[in-house]
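Structural overview
The chain contents come next:
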Amino acid sequence: MTSFEPFDLPTELELGAATSATQIEGGDTGNSWFEWSTQPGRIADKTDTLRAADHWQRFAEDFALMAQLGIKHYRLSIEWSRIEPEPGNFNSAALASYRQQLTLLRELGIEPLVTLHHFSNPLWFERLGAFAKCRNLHYFIAYVSYIVRGLADLCSQYITINEPNVYAIMGYFAGTWPPGKHSVGLTLRVMRHLALCHIEAYRLIHEIYQDKPVKVGASHHLRIMEPYKPNPFNSAGIGLVSWIFQEQVVEAAMTGRFPFPIGYGAPLGRGRFYDFIGLNYYSRDCIRRFGKYNDPSRATNILGWEVYPEGLIEISRKLYNKYKAPIWITENGTCETDDNRRIDFIYQHLQAVTEAAVPIERYYYWSLIDNFEWAIGEQAPFGLIGVDFETQKREIKKSGYFFSEIIRNHGVTAAMIEKYQLAAPTQKQS
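Overview of the structure. None of the values given here were measured: they were computed from a predicted structure.

**A look at the overall build of the protein**
A tally of helices and strands in the protein yields 14 helices and 15 strands. Taking 22 Å as the expected radius of gyration for a compact globule of 430 residues, we find that the protein reaches 20 Å, a close match to that expectation. The buried share of the protein, taken over its 430 residues, is 60%. Of all intrachain contacts in the protein linking residues separated by at least 6 positions in sequence, the fraction that spans at least 24 positions is 75%. With an accessible surface of roughly 16,900 Å², the protein has 52% of that area assigned to carbon and sulfur atoms. For the protein, the separation between the mean place of its 43 positive charges and that of its 47 negative charges on side chains is 6 Å.

Below, the structure is given as C-alpha cells:
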C-alpha cells in the first residue's frame, strides 16, 4: 500500500528525461533495428522504426515542450548509422544536425547527456558481425572519436554504451532482438567486447578533453532478484542469474577486471573507468529455480513488470558501497495506459530516492515522449508527453505536469498530493 506524504528531494538531486535515437527519430533505414523491424513477426504490433515519433524533423517542437515542463537535463543518443553510413565514411551533415540539436538544448537551458550506443548498429557493422567479432571493435572507437570531437564544444557528459547486458542477452541469447541468435557463448563474448569498448571509449574521451571538464560512464540495467519462495534451489538460481545477467559485465566495465565467465585478468589494465555510476532501474524478478516470476501480491505495469521501488534503494546502496561514486539514475519509468499509475510510479520511486542515503545526483525519467518500444512497437506508452503516431500530434500528459511540479518544488507538496488525487493505494493491475 502506498502512503502518500509530502517529501523533499535531496539537495544534490537534479531531474531530467531520456530518449534514444532509434526509438523516436524515424527516417533512417541504415540501422539494424529498421531491418529487423521490417521482417515479419519481429514486432508485436507490426510497426517499424521508419516512422517512430518523427523526432529527427520535430526535435525543436519536442525540446520546446521539455523546456515548458522545466526539465533541465536531457539524455539523448546518437544514431551511429546516420553518422557513419558506410565504414570510414562519416556524414558531416548528420553531425551538423546533432550539433543543431545540442545548440538548441543549451539555448533552452537544458544540459545534454549524450549516449553513444543505444542498441542500434549501422547495417554494415551488423553484417560484419558487430560486437561478436573482436576485429570489429576498432570501428566503434573510430566512431566515438569522430562524434566526440565533433560535439566537444557543446557537450561535457557521455554514456558510452547503454545496457551492455540487455543488448547481449536479447540479441544473442533470447534472440528476440537483432541479430536473433541463441548462443550462450556468443552472449558472453559480446558482453566481454562491450566492456572492452567502454574502457577504450572512456579513455579516449578523457584524452580528447584533456584538462577540460567531462564526465563519462556506462548505463547498466540492474534488477533486484529475490527468491520466489525461500529454498536452496531458488537461492542458487538467484546467484547464477544475477552474476551472468548483470554483475560480471558491470565489474569488467567499471574496473577493467574481467571475471569468469566473460574473461579473466585485466586485458586493458585495471583502473576506475567511470565518473558516475549509471543505473537503469525498472523492476524486480522473483527467481524460482532458474526462471523469473512476479510476486502475485505486487502491482505490475501493462508489460507485466513488477512495480518495486524498494529495489531502487537496495541497488543504489550496493553500487555506491562497492564503487564509491555519485549515482545517476539514467533510466526509470513505466509503461501505462492509465496515466494516474505513471504518476503513482514516479511518486514512489522518487520517494525511494530520498531514503537511499547515498549520493544520487541525477534522475532521468524514461521517457520524455512515447516511442517505438523495440520488439513491442508503438503500443507501449512510457512518455511524459503522449504521441499520436498517425498524426504525430504531441500532448503533455498529466504525469508530465506532475513531474514538472516536482522539479519546480524540488519535491512533492501537500497541495500536489491533493491536486493529483494521490490518495488511493496501488492496486495490482490485471
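**Let's talk about the packing of aromatic side chains**
For the coordinates displayed, the defined rule picks out 33 aromatic pairs. With a centroid separation of 5.2 Å and 70 degrees between ring planes, the pair formed by Trp124 and Tyr139 is classed as edge-to-face. Residue Trp124 is located in helix H6 (residues 123–127), and its partner Tyr139 is located in helix H7 (residues 137–151); the two are separated by 15 residues in the primary sequence. Look at Trp124 and you get buried, because its relative accessible area is 13%. Aromatic side chains Tyr274 and Tyr323 sit 5.9 Å apart centroid to centroid with 80 degrees between the ring planes, which places their arrangement in the edge-to-face category. Here Tyr274, found in the loop between helix H10 (232–255) and strand E8 (277–280), pairs with Tyr323, found in helix H11 (residues 310–323); they are 49 residues apart in sequence, far enough to count as distant. No difference in accessibility class separates Tyr274 from Tyr323, as the two residues are buried.

**Side note on the side chain of Thr19**
As for its position among the elements, Thr19 is in the loop between strand E2 (14–18) and helix H1 (21–24). A relative accessible area of 2% places Thr19 in the buried class. A distance of 2.6 Å separates the side chain of Thr19 from the side chain of Tyr74, its partner in a polar contact. Excluding its chain neighbours within four sequence positions, the residues that come into contact with Thr19 are Ile24, Tyr74, Arg75, Leu76, Ser77, Trp366, Leu368 and Ile369.

**Examining helix H13 (residues 398–409)**
An ideal rise of 1.5 Å per residue puts 16 Å on 12 residues; H13 measures up with 17 Å between its terminal C-alpha atoms. Buried residues of H13: Ser399, Gly400, Phe402, Phe403, Ser404, Glu405 and Ile406, and no others. Looking at the residues trailing H13, positive phi occurs at His410, about 50 degrees.

**Let's talk about H7**
The terminal C-alpha atoms of H7, which comprises 15 residues, lie 22 Å apart, in line with the 21 Å expected from a rise of 1.5 Å per residue. Those residues of H7 that fall on the buried side of the exposure criterion are Leu137, Phe140, Ile141, Tyr143, Val144, Ser145, Ile147, Val148, Gly150 and Leu151. Where H7 is buried, its residues meet helix H4 (80–83), helix H5 (92–107), strand E5 (157–162) and helix H9 (184–209).

**Topic: the nonpolar core**
In a soluble, globular protein the nonpolar side chains are often hidden away together inside. Of all hydrophobic cores here, the largest spans 128 residues; its most connected members are Phe131, Phe140, Tyr158 and Phe402. Among the elements that line this core, the one with the most residues is H9, at 14 residues. Among the nonpolar cores identified, the runner-up in size contains 11 residues, and Leu113, Ile159, Tyr282 and Trp328 belong to it.

**A few points about unusual backbone geometry**
Put simply, Pro178 and Pro179 share a cis peptide bond, and its omega is 10 degrees. With respect to the helices, strands and loops of the structure, Pro179 is situated in the loop between helix H8 (164–172) and H9. A cis amide bond links Trp366 to the next residue, Ser367, at an omega of 5 degrees. Among the secondary structure elements, Ser367 is positioned in the loop between strand E12 (360–366) and strand E13 (385–388). Positive phi, normally seen in glycine, also occurs at Asp54, with a value near 50 degrees. Looking at the secondary structure, you find Asp54 in the loop between helix H2 (32–37) and helix H3 (55–68).

The rules behind these values
- Residues numbered from 1 in each chain as written.
- Predicted model: local features only at pLDDT ≥ 70, side-chain atom pairs only at ≥ 80, totals over all residues.
- Heavy atoms only, no water.
- Helix = DSSP H or I, 4+ residues; strand = E, 2+ residues; numbered from the N terminus.
- Rg over C-alpha atoms; globule rule 2.2 N^0.38 Å.
- Buried < 20%, exposed > 50% of the residue type's maximum accessible area, 1.4 Å probe, protein only.
- Contact = heavy atoms within 4.5 Å.
- Areas by Shrake-Rupley, 256 points an atom, 1.4 Å probe, with all protein chains shown as cover.
- Lys, Arg positive; Asp, Glu negative; His and termini not counted.
- Charge placed at Lys NZ, Arg CZ, Asp CG, Glu CD.
- Phe/Tyr/Trp six-rings, centres within 6.5 Å; stacked < 30°, edge-to-face > 60°.
- Polar contact = N/O pair within 3.5 Å; in protein donor to acceptor, adjacent residues only side chain to side chain.
- Expected span 1.5 Å × (residues − 1).
- Core = buried A, V, L, I, M, F, W, Y, C linked by side-chain atoms within 4.5 Å.

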